[in-house]
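# Observations on the model geometry
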Amino acid sequence: MDWLIGLAGSIIVAGLAYRKRSLTQSGALAAVVMGTVYYGSGSLIWFGLLLTFFITSTFWSKWNKRKKSRFDQIYEKTGERDAHQVMANGGLGMLLCVCNAIFPHPGWLFSFAGVMATVNADTWATEIGSLSRSLPRSVLTGKRVPAGTSGAVSTIGTIATILGAATIGGAAVVCLYIAADPAFSIPYQWSLLILIGICGTVGGIVGAFTDSFLGATIQAAYHCEKCGANTERTTHCGQPTTLVKGFRWMTNDIVNGVSSVFGGVIAWLIGIFWL
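Residues numbered from 1 in each chain as written. Predicted model: local features only at pLDDT ≥ 70, side-chain atom pairs only at ≥ 80, totals over all residues. Heavy atoms only, no water.

Moving on to the environment of methionine 34. For methionine 34, the location among the structural elements is in helix 2 (residues 25–41). For methionine 34, a relative accessible area of 3% translates into the label buried. Linking methionine 34 and phenylalanine 47, residues 13 residues apart in sequence, is a C-alpha distance of 9.5 Å. Excluding anything up to four places from it in sequence, methionine 34 contacts Leu50, Val86, Met87, Gly90, Gly91 and Met94. (Helix = DSSP H or I, 4+ residues; strand = E, 2+ residues; numbered from the N terminus. Buried < 20%, exposed > 50% of the residue type's maximum accessible area, 1.4 Å probe, protein only. Contact = heavy atoms within 4.5 Å.)

Our focus in this paragraph is the packing of helix 6 (residues 106–129) against helix 7 (residues 155–178). Put simply, helix 6 and helix 7 touch, their axes get as near as 7 Å, and they point 145° apart. Crossing geometry of helix 6 relative to helix 7 is assigned as right-handed. Counting all contacts with helix 6, which are made through Leu109, Ala113, Met116, Ala117, Asn120, Ala121, Trp124, Ala125, Ile128 and Gly129, the residues of helix 7 involved are Ile156, Gly157, Ala160, Thr161, Leu163, Gly164, Ala165, Thr167, Ile168 and Leu176. Looking at the contact of helix 6 with helix 7, its residues break down into 14 nonpolar, six polar and no charged. (Axes fitted to C-alpha atoms, helices over the stretch in contact; angles between N-to-C directions. Left-handed = near helix turned anticlockwise from the far one by under 90°. Nonpolar A, V, L, I, M, F, W, Y, C, P; charged D, E, K, R; others polar.)

To describe a pair of aromatic rings, one takes the distance between the centres and the angle between the planes. For the coordinates displayed, the defined rule picks out seven aromatic pairs. On the numbers, 5.1 Å between centres and 90° between planes, the contact of phenylalanine 273 with tryptophan 274 is edge-to-face. Residue class for phenylalanine 273 comes out exposed when judged on its relative accessible area of 63%. Residue class for tryptophan 274 comes out exposed when judged on its relative accessible area of 63%. (Phe/Tyr/Trp six-rings, centres within 6.5 Å; stacked < 30°, edge-to-face > 60°.)

Given a rise of 1.5 Å per residue, 18 residues ought to cover 26 Å, and the 26 Å separating the end C-alpha atoms of helix 1 (residues 2–19) matches this to within 8%. Of the positions making up helix 1, those classed as buried are Gly6, Ser10, Ala14 and Ala17. One face of helix 1 carries all of its buried residues, which in axial projection span an arc of 55°. Along helix 1, exposed side chains directed more than 90 degrees from the buried face belong to Leu4, Ile12, Leu16 and Arg19. Lining the buried residues of helix 1 we find helix 2 and helix 3 (44–62). Looking one or two places after helix 1, you find arginine 21, whose phi comes out positive at around 60°. (Expected span 1.5 Å × (residues − 1). Arc of directions from axis to C-beta.)

The next thing to look at is the environment of alanine 88. Position of alanine 88 relative to the elements: it lies in helix 5 (residues 83–102). Take alanine 88: its relative accessible area is 14%, and that puts it in the buried class. In this structure the C-alpha to C-alpha distance between alanine 88 and isoleucine 254, which are 166 residues apart in sequence, comes to 7.1 Å. Sequence-distant contacts of alanine 88, defined by excluding residues within four places in its chain, comprise Asp253, Gly257 and Ser260.

Structure below.
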């Protein structure tokens, strides 16, 4: 029954997102599969954190969209999320959810909180930080760089990072309080609730800044010879761009995936140490 409920709920949510142009067709299909697995094999906290990420990140993606349209030709992907983006943001969490269903253990959930907090913090930082009135600074040199540069941070973006991670941490506390997870023998113990919140928040912040570091060092960056723009796209102005930094295979989706792994590991270490 849980699988059927998860399927029905995921179809509704993904369908609405598709109509609102938050997901492409492939992204909607991936979201249906992902949501079904989360609900069918996990408890409320697993599906709840996925939903928290999706709703809040979609909201900020739509917020002042016109002002952020100038970055459409800089970022590798903007607007509607495709299947690759959906899996980059939620695929690792889905794997952790399945592992927890097979071998219940608090460690899976600690990691999951860190993973989801990382992708949420990174999304908030990008969507809100791009509205900064001042130029961001490189995480490597501290010097001002053009808006939209990978690996650049701003004050408002940093605040968004912290709040984005804390939102998932707080949601984890609420969801775990409402519904017991089989991985925990004492699901309502306050120390455990606080711990899961800390794991998510700290893991998310560390993971998001790892994303910025990778973006500044090894993520692929290109230059358009026709208009002189720096971009994450392999084509610009109707012609191929020139690689000027990083590795071609290190796309934004891969950076997101790697940084979420890092955030998950940090959260796991904190949780296991204090458990």
